[in-house]
Every structure is written in structure tokens, then in C-alpha cells.
Amino acid sequence: MKLQSVLLENFKQYAGKHRITFSGAARKNVTVINGKNGAGKTNLFLAINWCLYGEGLEGKGEIISRRVTNEAMDGNPVDCRVEVAFTHKGEPHLASRRIRSKGSMVHSAAPSGELTLTRITASGDTEIIPNPVGAMNAILPSNVRTYFLFDGEKIDDFARPENRREVRDAVWNVLNIELLERAERHLDRAARAFSKEMARLSQDSEVSHLVDEENRLRERITDLKEEKGKTQAEEEAARDRLQAIEGKLAQLGDSADLMLERKRLRAQMDDLRGQQAQLDAQLRGAIPDAASLAAHSGINAAVGVLDEKRKRGEIPSGIRETFIKDLLKSAKCICGRPLSGSDDASRELRERLKASVTAELEDTVTDIHAELRSLLSRAEGQRESLRVLLQRRSDLVDAEDTAAARLDDLERRLDSIEELDVQVLRSKQKEFQAEVMRLTNEIGHLQGQIDEISSRVDEVRNAIQKGEAKDEQTRAVQVQVELARAAAERVAEIQADFADQMRVRIRSKAKEIFDSLVWKGGQWTDMDLNEEYELNILDRWGAPVLPELSAGERQVLSLSFILGMAEVAKREAPLVMDTPFGRLSTHHRETIARQVPKLSEQVILFVTDEELHGEARALLTPRIGAEYELDFDDKSGTTRIVKED
Amino acid sequence: MALDLIEGYLEDIGDPRVRRIIERVLRLEEEHSSYKTPPLHDKVLAIVREEASKS
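## Focus on the overall build of chain B
Each helix and strand in chain B was counted, giving 3 helices and 0 strands. For chain B, the proportion of its 55 residues judged to be buried stands at 44%. Excluding contacts between residues fewer than 6 apart, the proportion of contacts in chain B whose partners are at least 24 apart in sequence is 40%. Only carbon and sulfur atoms are counted for the fraction: they give 49% of the accessible area of chain B, which is about 2,800 Å².

## As for the sheet that holds strand E9 (residues 149-151) of chain A
The strands that make up a sheet are held in pairs by hydrogen bonds between backbone atoms, and each pair lies either parallel or antiparallel. Residue and element names in this part refer to chain A. Strand order in the open sheet formed by 6 strands is E9-E12-E13-E3-E14-E15, with mixed pairing between adjacent strands. Sheet topology places E9 and strand E15 (638-644) at the edges, where each strand pairs with a single neighbour. Strand-to-strand twist of the sheet, defined as the mean angle between neighbouring strand axes without regard to direction, takes the value 15°. Summarising the sheet, strand E3 (residues 30-34) and strand E14 (residues 624-633) pair through 5 bridges and their orientation is parallel. Each residue of the ladder has a partner; that of Thr-31, found in E14, is Ala-626.

## With respect to the packing of aromatic side chains
Residues and elements named next belong to chain A. For the structure shown, the criterion picks out 4 aromatic pairs over all chains. The interplanar angle of 85° and the centroid separation of 5.7 Å between the aromatic rings of Trp-172 and Tyr-533 together place this pair among those described as edge-to-face. In this pair, Trp-172 sits in helix H5 (residues 164-174) while Tyr-533 sits in the loop between strand E10 (524-529) and strand E11 (535-539), placing the two residues 361 residues apart along the sequence. The class for Trp-172 is buried, based on a relative accessible area of 9%. The class of Tyr-533 is buried, set by a relative accessible area of 8%. When the ring centre of Trp-50 is taken as origin, the NZ or CZ atom of Arg-97, which lies over that ring, is 6.0 Å away. Its guanidinium or amino end placed over the ring of Trp-172, Arg-168 lies 3.9 Å from that ring's centre, counting from NZ or CZ.

## Thoughts on helix H15 (residues 551-569) of chain A
All names here are of chain A. Across its 19 residues, H15 extends 27 Å between first and last C-alpha, which sits within 8% of the 27 Å expected from 1.5 Å per residue. By the criterion of burial, H15 is predominantly enclosed, with 17 of the 19 residues buried. Following H15 by one or two positions, Lys-570 adopts a phi angle in the positive range, close to 55°.

## Description of the packing of H15(A) against helix H16 (residues 586-599) of chain A
Residue and element names in this part refer to chain A. One can describe the packing of H15 onto H16 by two numbers: an axis separation of 12 Å at closest approach and a directional angle of 5°. By the angle between their axes, H15 is roughly parallel relative to H16. Each of Glu-553, Val-556, Leu-559 and Leu-563 in H15 lies in contact with H16, whose residues at this interface are His-588, Ile-592, Val-596 and Leu-599. Across the contact of H15 with H16, the residue classes break down as 6 nonpolar, 1 polar and 1 charged.

## Overview of the interface of chain B and chain A
Every contact between the two is made by 30 residues of chain B and, on the other side, 30 residues of chain A. Contact between chain B and chain A buries roughly 2,800 Å² in total, counting both sides, with carbon and sulfur atoms accounting for 71%. Connecting chain B to chain A are 2 salt bridges. Put simply, chain B and chain A have 6 residue pairs in polar contact (both at pLDDT 80 or more) between them. Counting only elements with at least two residues in the side of chain B that touches chain A, the list comes to helix H1 (7-11), helix H2 (16-31) and helix H3 (37-53) of chain B. Here the side of chain B that touches chain A gets 9 residues from one element, more than from any other, and that element is H3(B). A per-class count over the side of chain B that touches chain A returns 17 nonpolar, 5 polar and 8 charged.

## Considerations on the environment of Leu353(A)
Residues and elements named next belong to chain A. Along the chain, Leu-353 turns up in helix H11 (residues 344-355). When the C-alpha atoms of Leu-353 and Leu-328 are compared, they prove to be 10.0 Å apart, with 25 residues separating the residues in sequence. Beyond its immediate sequence surroundings of up to four residues, Leu-353 is in contact with Glu-321, Ile-324, Lys-325 and Leu-328.

## A short note on H16(A)
Residues and elements named next belong to chain A. Counted at 1.5 Å a residue, the expected span for H16 with its 14 residues is 20 Å, and the 20 Å between its end C-alpha atoms agrees. The principal kink in H16, of about 30°, is found at Ala-593, preceding the proline Pro-597 by one to four residues. Buried residues of H16: His-588, Arg-589, Glu-590, Thr-591, Ile-592, Ala-593, Gln-595, Val-596 and Pro-597, and no others. On its buried side, H16 packs onto E3, helix H14 (472-517), H15, strand E12 (575-578), strand E13 (603-607) and helix H17 (614-620).

## Focus on the confidence of the model for chain A
One rule of thumb: low pLDDT means the predicted coordinates there are not for detailed reading. Scored by pLDDT, chain A comes out at a mean of 84, with 91% of its residues at no less than 70. No element of chain A has a lower mean pLDDT than strand E6 (residues 105-107) of chain A, at 57, and none a higher one than E3(A), at 95.

Basis of the calculations
Residues numbered from 1 in each chain as written. Chains lettered and ligands numbered in written order. Predicted model: local features only at pLDDT ≥ 70, side-chain atom pairs only at ≥ 80, totals over all residues. Heavy atoms only, no water. Helix = DSSP H or I, 4+ residues; strand = E, 2+ residues; numbered from the N terminus. Buried < 20%, exposed > 50% of the residue type's maximum accessible area, 1.4 Å probe, protein only. Contact = heavy atoms within 4.5 Å. Areas by Shrake-Rupley, 256 points an atom, 1.4 Å probe, with all protein chains shown as cover. Pairing = 2+ DSSP bridges. Axes fitted to C-alpha atoms, helices over the stretch in contact; angles between N-to-C directions. Phe/Tyr/Trp six-rings, centres within 6.5 Å; stacked < 30°, edge-to-face > 60°. Lys NZ or Arg CZ within 6 Å of the ring centre and 35° of its normal. Expected span 1.5 Å × (residues − 1). Parallel < 35°, antiparallel > 145°, perpendicular 65-115°, else oblique. Nonpolar A, V, L, I, M, F, W, Y, C, P; charged D, E, K, R; others polar. Buried area = accessible area lost by both parts, 1.4 Å probe. Salt bridge = Lys/Arg side-chain N within 4 Å of Asp/Glu carboxyl O. Polar contact = N/O pair within 3.5 Å; in protein donor to acceptor, adjacent residues only side chain to side chain. Bend = angle between axes of the 7 residues up to and from the residue. pLDDT = per-residue confidence, 0-100.

Written as C-alpha cells, this is what we have:
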């Protein structure tokens, strides 16, 4: 979606008709709309939102120009209209929302006005789109637009410790992961409906009973998953509260240093636990080989016996069975003397033949000996690696114990602070720590139940599949059950994997953008978006510093996240920002002015003269394709839009 | 989500009927912005029936 123009007619202080044409040029992709406070920047910004989605004006006063309403002759009707022209996938569209008033009464089919959406097809025909709200949501969903059309002073919400849920929702909405969740739910429901149909058709009471049981179990799993989802939301809320409390404690004089140290220790413990988990995985991988270690003494003894036999010359035996047989068959010794068969030499040869072994057996014994030696050498190598791994694990456990002891000491020191504010916050902190732990356990318990019932479902499903479908119709429904079930399971797998892959890609892209915008590169070593969807900045010790960021820094972090997300999701949408530079220091204004035009195809900025000046304006100027001034007339209470050259 | 973002996953699905069911249900969901049970449920049932009959 690329915005082309907006037309306002009798909207708020915009009496009469006013039009703005946005720049869409590749190199000059920025449109700047200047205005003093109260000149109408935010109302113009809201007009675009209202036109496209019918939202954003709740509690913000009358929509229709008060001046025009008052001037209307004898209560003649007044029309208010906002039209937004845009292109989507190269096709021109026009969204138009209008509302009409007569006197003080608003006359409209819907309180938010009526939307019409038309598009010009490739053949040049104008087509009215029948379901404009649905079509608009397909172009840029309502729950996604807030990430592209936003108030610059409020976007730092993403980077607030307590707003993890919003970050997760943003990723879910922009990438439309909810769509996969809905598809899974529908397919699961379809599988259950087909199962019921099969139970009804089946004459086999046992199969019918099993199908009923499977459906009951699956419904129970659905309930448990829902309960788990609610508990997770509660746990996230409790965690967010806990983080907010800890953030406050970190700012209070007496506890600030201790909280900082506590944060470092916790980060260190998390790191040690992570290393332990990696080591445990390595140890688990080494266990199959450890079977050879168990047989080590047996192998050693066998090699000893074979070595002894070698020393005694029994291996190899020296005379092969085939050689003796050949001598007896030819009735002639190698020295040329004849062998009668009953003479001493022949008897000696027959005795040796009894003691000899077959060539295959002898080769096998020799091979086994070599194999056993190699096995012995490998087992010794593995024993050494295992010893090293176990030593490293023991060192990690010791390091964790030391950190835990220091943490306990720190907690005691925090408890001993007599300052009332600290005591109150510590008490709340403990309360929420306990709550988080309780909810985490509850989630684990629910997951355990889900796993247990899922295993039972697998057993029942296998039993159903073994039960013979009696007739063709039942067999056909059975195929439907299996296909719907397979599709639901596959969608669930895709959803989990896709969400995680996207999170990792957003983290990487957002970090790249963040690095290009901030100036504390030496202080901050990493930007994180972890599995819990916590957006964070890590310092050189790997400790999170989010609660310590300034409002401007949080704004930059949020902007990096939004731009990273848009890039990964391949969303074609303009970046429309109201008051984007309000809280930023000079450095951040300049880096944003330099970088943002490169990061989005179209940028529309609503700014005050205070926000955009000096070097920041100079950096942005080469990218500005259109610029307007909002001129508010105090006498008439109306705003005029003036195009600047 | 544009279907092309998960195209790789769909290609990995061995059973073409399962793949087609998922593609069609996702397109259906894309056309509807929320979980509207009765009409979508019937359409999902119809998709599965149709693909099952192709076996």
C-alpha cells in the first residue's frame, strides 16, 4: 500500500475542501507536514485513520467542522468527507468515508460514517468493492495499521518492560500468525465433526465407543490449552508487574546499586544455567557411546587373552587346514617323500589337521582382535571426553552455587534497607515473585495433563484405525477424519516453527536498524527479542538494561522493532509518524532523519518547527518530495493547507 | 501472512491432499478477518470432503 493523496472536506477544523498529495518517488520518498501545536497535524493524521478504518476519533469531539455546521442555512445538511487515494499491488484505490449532519443531528447509516472503496482495474474500469471493510482489512488489517500509522511519542510502549504482550501481539498481527491458529482450530473442529459422523455410521459399537472417547479427550485438550493460555497471560502480567517493581527499586537511592548487582548476578546465573543445559545435551549425546565404556573391562580381558595366544604362536596357528588337506590328498610331502596314509608322517599330519582351524575362522579371530583393540582405544578416548565434560559441569555447578550464595546475601542486604519505599516495593516484589512461581508451576502442571491426554489420544486413534470400517461410506469418512487431523497437526507444527523463525529474523533485522540509529554502541552489546517476546538491550555483561533506557532511547528501540518487523513481514505499507522527533536528542534526530527514508518505501512525517531543524532537517531535505504547512487562522478557527516549494 | 512466507513448509508436506487442504483453508481464513464459526466451519468441511474424494 502506498498513499497518493488525502482530501478533507469539512473535517474538524478543515472547513471546505483541502488536499494533500504525498510523495511516492523512489529517492524523494518523504512527505513533511509542518504545523505548530494545535494547527491540526494530529487531526489530519486521525483523518487518514478514520477514513480507512472508521476508528481513532472516539472521545475526540465532533467530526464535522463546527464552523460550517454553524454557518449552514436553516439547518441545511452538511457533508463531511475524507478521501484517501492509494495504490495496492500497483492498482489505484480510492477509500471515501462520509458523514452528514443536519443541525445538531448526525445523519449516517453508521456512527463512524460510511466507507466506500473503489479500485481501477488493469483495463481501466472503475469497480466498487462490495465489502469495503473486509477489503480494507485484507490490504492493511486494522490491528496492523497502528504499527505503521502511529503517534511517535507513544511508540516507546513497545520498549516498556511491562508491555511484552504488546510486542508479541504486534508480531502475531503483522505476520498474521493468528491466521494459522484459526486454521488449526477450524481443521481440528472439522476432524471432530467427521469423527462424530463416523461414530454414527459405524455399526461396530467398540469403534463407535472409541471415537466418542477420542472426541471427549480432544475436547478436554482444547479446554486445557485454553486454560493454559489464560494462565500464561496471567503469568506474563505478573512478570510484567514484577519487572516494573524491580525497575522502580533500581531507581531508589538505597537499593539502586544492590539491584544493579542483583541483575548482573541473575544474568550470570541464567548464563551458567544455559551453559549447563548445553553441556547436559552434549552428555546425553555421549551416553549411547558410553555403552562401550560399560564393556571396557570385558573387552580389555578379551584383548589380553588374544594377545597371550599371539605370544604363544597359536594365532595365527602357522599351518592352515587347506595346506594339510592338500598334502594328504597328493600323498606327497613337500620334501618329495611319499605319504602312504598309514605311516607316521601321515598320522602326524592327521593329528595336526585336528588342531588346525579353518581359514575363515582364523581370519575372523584376527579381525575380532583388531576390532577389539580399536574399540578399546575408542572407549578410552570417550572415557576421557566424558571425564572432561563431567568436570566442566561440576565447575559450572560450583560457579552457580557461588553466584546463588552471593544473590542470597544481596537479597538479605536489600531486606535490611530501612527506607519505607524500598520495604514496600520489596514486599510487592516478593509477592509477585511467588505469584510468578505459582503460575509457572500451574502452566507446567497443565502442560503435563495435556501431554498425558495426548498420549491417550494416540492410543485410542491407533485402536480406531485397527478397527475395521464396515462399509464404504464409513471408510470414506474415516479418510476425511485422518486428512483433517493430519492437516490440523501439520498447521500447528508450522505455526510454532514459523513464529519462532520470524522472531529470530525480526530480532536480527531490528538489531541491525537499532545499531544504525544509536550512539551507545560501546555500552550496549546486543539487542534481544527472546522467546517470551521481551524486547531488550543487553549491556557488555549481558545484563538487560531496558528499565534504564531514556524515553528517547525506548522510542528508537521501538522504531527499530517496527521497521524490522515490517521488513521481515514484507508488508507494503507507508510509515506515517505523528510527532516522531518530539522526545529525541539531537543525535537521534539526525540518525533517524538520515536512516528512516532508506528503511521504508514511503515516509510521511507530521512535525512541529521545533522538532525538525538544523542538521536533522539538512539531512532529510534531499529525501523530501513534498512539504506542506498547516496554517491555523485564529479568527475563523479553521486550518488552511499550504504547499511549500 | 502472505502464503509465500510459509511456502517452504507447505512444500515439505508429503501427502498432496493434506497440502492442498492447508493451502485452501489458509486462503479461506485470509479472506475472513475473524473466526466466524458457522459459515467457515461448513466451508472447511467441504474442502476436506472434496480433497478426500480425490484419493
